[in-house]
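Summary of structural features
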Amino acid sequence: ELRELEEYSNEMPIKIKGEVDDNNIDKVVLYKNGSKYQTTDVDDGKFEYKVEIEEEGVYKFYAESLETGLFYSKSNMSNEVSTIYDITPPSNKIELDYPEETNKKDFKLSGKVEPEITVKVYKDEDKVYDAESDSKGNFEIEKITLSEKNNSFTVEQVDKAGNSTVIKDKINVKWTAGSIN
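1. As for the packing of aromatic side chains
With the rule as written, the count across this model stands at four aromatic pairs. Ring centres 6.0 Å apart and planes at 70° place the aromatic pair F47 and Y49 in the edge-to-face group. Comparing F47 with Y49 shows no difference in burial state: the two are buried. Considering the side-chain rings of Y98 and F107, the 6.4 Å spacing of their centres and the 55° angle between planes classify their relative orientation as tilted. Note on F107: relative accessible area 3%, which makes it buried.

Take a look at the structure:
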């Protein structure tokens with residue numbers, strides 16, 4: 001039995017782990033996208049592979065356990081697990097909509113980025129707010145708090161695999177407390 005993988009991954013190598021419930025099984029063959037990849041030994045019912053991936057894409061894995069005796073051999077197939085290998089960071093092309101000046105203590109940030117990523121907004125290295133973009137890349141974050149001094153924010157985009165793009169000092173909002181009606 002193979003352990004489930006993260007849906008998306010940007011880590012190399014990809015670690016495939018599993019267990020067998022038969023003490024007579026001493027080897028397991030891993031298949032990557034339908035082709036035999038590597039054979040490894042079973043140690044105390046457990047096995048592990050470190051799979052090197054050459055390019056981005058969907059990778060499916062299953063294992064075949066091998067039990068051999070003096071006059072026979074037997075094999076069993078495991079469950080299939082998959083991951084999407086992605087090492088490309090989100091594009092730094094980002095559309096933002098926010099007020100450059102306000103008399104309120106907070107503001108709303110909306111915009112368009114790549115579809116289905118997390119948008120994080122930081123002020124002074126602390127995470128302030130985050131939101132998920134929809135299938136069209138639209139997102140909205142309400143009530144981002146302003147201070148009387150520096151209101152410069154950094155925007156970070158993080159995709160499902162954990163790749164990120166940071167845009168420093170992209171947002172600057174001036175809080176004019178009480179001066180705008």
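2. So, the confidence of the model for the chain
Within the chain, residue pLDDT values average 89, and 93% of them lie at 70 or more. Summarising per-element confidence for the chain, the mean pLDDT is lowest in strand 7 (residues 73-77) (76) and highest in strand 8 (residues 81-85) (97).

3. Regarding the pattern of salt bridges
Applying the stated criterion to the full structure yields five salt bridges. With a closest N to O distance of 3.7 Å, K32 and E54 form a salt bridge. Placement of the pair is K32 in strand 3 (residues 27-32) and E54 in the loop between strand 5 (46-51) and strand 6 (57-68), with a sequence separation of 22 residues. Residue K32 is classed as buried on the basis of its relative accessible area, which comes to 14%. Of the charged contacts in the structure, one is a salt bridge between K108 and E140, with a shortest N-O distance of 3.6 Å. Note that K108 is positioned in strand 11 (residues 106-112) and E140 in strand 14 (residues 138-145), a separation of 32 residues in sequence.

4. Quick look at the environment of T40
Looking at the secondary structure, you find T40 in strand 4 (residues 35-41). Assessed through its relative accessible area of 19%, T40 is described here as buried. Along the chain, T40 and E101 lie 61 residues apart, while their C-alpha atoms are 63 Å from each other. Apart from residues no more than four positions distant in its own chain, T40 is found in contact with D26, K27, V28, F47, E48 and Y49.

5. As for the side chain of E156
Secondary-structure assignment places E156 in strand 15 (residues 152-158). For the buried E156, no salt bridge exists, and the shortest N-O distance to an oppositely charged side chain is 4.7 Å, to K120. Separated by 2.7 Å, the side chains of E156 and Y122 make a polar contact. Ignoring anything within four residues of it in the chain, the contact list for E156 reads T118, V119, K120, Y122, S164, T165 and V166.

6. A short note on the sheet that holds strand 14
Read across the open sheet, the three strands follow the order 9-11-14; overall the sheet is antiparallel. One side of each edge strand has no neighbouring strand; the edge strands of this open sheet are strand 9 (95-97) and strand 14. Sheet twist, expressed as the average angle between the axes of neighbouring strands with direction ignored, equals 20°. With six bridges connecting them, strand 11 and strand 14 associate as antiparallel partners. Counted as the bridge partner of L109 is I141 from strand 14.

What counts, and where the lines are drawn
Residues numbered from 1 in each chain as written. Predicted model: local features only at pLDDT ≥ 70, side-chain atom pairs only at ≥ 80, totals over all residues. Heavy atoms only, no water. Phe/Tyr/Trp six-rings, centres within 6.5 Å; stacked < 30°, edge-to-face > 60°. Buried < 20%, exposed > 50% of the residue type's maximum accessible area, 1.4 Å probe, protein only. pLDDT = per-residue confidence, 0-100. Helix = DSSP H or I, 4+ residues; strand = E, 2+ residues; numbered from the N terminus. Salt bridge = Lys/Arg side-chain N within 4 Å of Asp/Glu carboxyl O. Contact = heavy atoms within 4.5 Å. Lys, Arg positive; Asp, Glu negative; His and termini not counted. Polar contact = N/O pair within 3.5 Å; in protein donor to acceptor, adjacent residues only side chain to side chain. Pairing = 2+ DSSP bridges. Axes fitted to C-alpha atoms, helices over the stretch in contact; angles between N-to-C directions.

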